[in-house]
Each structure stands twice: as structure tokens, then as C-alpha cells.
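What follows is each chain in one-letter form.
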Amino acid sequence: MHIKNLAIATATLVSALAAPGALAHTRLEASSPQANSIVSPAPGQVRLQFSDPLELPFSKLKLVDERGRVVEPTRIAIDPANAKTLVATTPGLHAGSYRVQWSTVTRDGHKVKGEFSFQVK
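Keep in mind it's a predicted model, so treat the numbers as computed, not measured.

Engineer: Explain the sheet that holds strand β3 (residues 45–50) residue by residue, including any values.
Structural biologist: Judged by pairing direction, the sheet is antiparallel, and its 4 strands sit side by side in the order β1-β3-β7-β6 without closing on themselves. Only two strands of the sheet have a single partner each, and these edge strands are β1 (28–32) and β6 (75–78). Taken pair by pair, the neighbouring strands of this sheet meet at an average axis angle of 15°, ignoring direction. Here 5 bridges tie β3 to strand β7 (residues 85–89), and the two strands are oriented antiparallel to one another. Considered in β7, the bridge of Arg47 is made with Val87.

Engineer: Tell me about the nonpolar core, residues and numbers included.
Structural biologist: Ranked by size, the top nonpolar core spans 18 residues in total, and within it Leu48, Leu61, Leu63, Tyr98, Val100, Trp102 and Phe118 carry the most contacts. Within the residue set of this core, elements represented by two or more residues are β3, β4 (54–65), β7, β8 (96–106) and β9 (111–120). When residues of this core are assigned to their parent elements, the largest contribution, 4 residues, is made by β9. Here Phe118 is in contact with Pro33, Gln34, Asn36, Ser37, Val39, Pro43, Leu63, Leu93, Gly96, Ser97, Tyr98 and Val100, once residues within four sequence places are set aside.

Engineer: Go over the pairing of β4, please, and point to the residues and values.
Structural biologist: In the sheet, β4 pairs with β8 via 8 bridges, with the strands oriented antiparallel. In the strand pairing of β8, Val64 is matched with Arg99. Here β4 runs beside strand β5 (residues 70–71); their pairing, made up of 2 bridges, is antiparallel. Its bridge partner being in β5, Val64 is matched across the sheet by Val70. Between β4 and β5, which follow one another and run antiparallel, lie 4 residues, and Gly68 among them has a positive phi close to 90°.

Engineer: Account for the pattern of salt bridges, with residues named and values stated.
Structural biologist: For the structure shown, the criterion picks out 4 salt bridges. Ionic pairing is found between Glu29 and Arg27, a salt bridge with its closest N-O pair at 3.4 Å. Residue class for Glu29 comes out partly exposed when judged on its relative accessible area of 44%. Between Arg69 and Asp65 there is a salt bridge, with its nearest N and O atoms 2.9 Å apart. Arg69 gets classed as partly exposed once you look at its relative accessible area, which sits at 46%. Relative accessible area serves as the criterion here: at 11%, Asp65 is assigned to the buried category.

Engineer: Please give an account of the sheet that holds β5 that cites residues and values.
Structural biologist: Spatially, β2-β9-β8-β4-β5 is the arrangement adopted by the 5 strands of the open sheet, whose pairing is mixed. Lying at the two open borders of the sheet, with one neighbouring strand each, are β2 (38–39) and β5. Of the strand pairs in this sheet, β2 and β9 are connected by 2 bridges, and their pairing is parallel. Bridge pairing in β9 links Ile38 to Gln119.

Here is what the cut-offs are and how they apply
- Residues numbered from 1 in each chain as written.
- Predicted model: local features only at pLDDT ≥ 70, side-chain atom pairs only at ≥ 80, totals over all residues.
- Heavy atoms only, no water.
- Pairing = 2+ DSSP bridges.
- Helix = DSSP H or I, 4+ residues; strand = E, 2+ residues; numbered from the N terminus.
- Axes fitted to C-alpha atoms, helices over the stretch in contact; angles between N-to-C directions.
- Core = buried A, V, L, I, M, F, W, Y, C linked by side-chain atoms within 4.5 Å.
- Buried < 20%, exposed > 50% of the residue type's maximum accessible area, 1.4 Å probe, protein only.
- Contact = heavy atoms within 4.5 Å.
- Salt bridge = Lys/Arg side-chain N within 4 Å of Asp/Glu carboxyl O.

Following this line, the structure appears as C-alpha cells:
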């Protein structure tokens, strides 16, 4: 009986330790400009750092100004120094509010998306 209880306890412990990794999803860890920030001068890039490496062909980013006009980046790339960072080169942004809308697929195949806002003074 003692060996059976030990086996059950071991299996329970292994399941508990494995579960967080299996359930974890990629998340946006940092951005530049930061969410809800006011920046001056206008940024030449939007940088998004994620918790996992990204797949560039499935990564998208656009800015939407306060009038609802879409501002497409002139270039989107993965930072060569960090496969977890998406870099979008932005055209000259004018003063006003912008929403950054993004979506990406990580190397493990998970699709994630989100948005945040910032303001150019």
C-alpha cells in the first residue's frame, strides 16, 4: 500500500509542476512607447517585447489615429538581437492619440493579439 500512495503522490506532484508551463501563453511584456504614455518627439519606431520568440510572417502591427485613420508601418521586423521583440518603423506621426493594434504567432504556434494607446505631444 505504501508504494501505491507514493506513486499517486509523485504523479500528482509531476502534474502540478508541469501544468503552469503547459497553460502559459505568450504575453506582451513591454512596449516602446509605453501604454498610456505621452511622448515627445514622435517615435520613429514602435517596439513590442513578448515573453516568447515570434514568427515574423504572422506578425502584424498598425496604428489607428484619433480620427480612425490607419497608419501602416513602413517596415516590420524581428529585432536581430532579440527574437522576442517586434519592431515597426513608423512614418512621421503627428501630435495626437494613437492605438497600437498588434497580432502575432509565436514559435509554439499560439496566436495572440492586443492593443494599447499612447499620445504624441
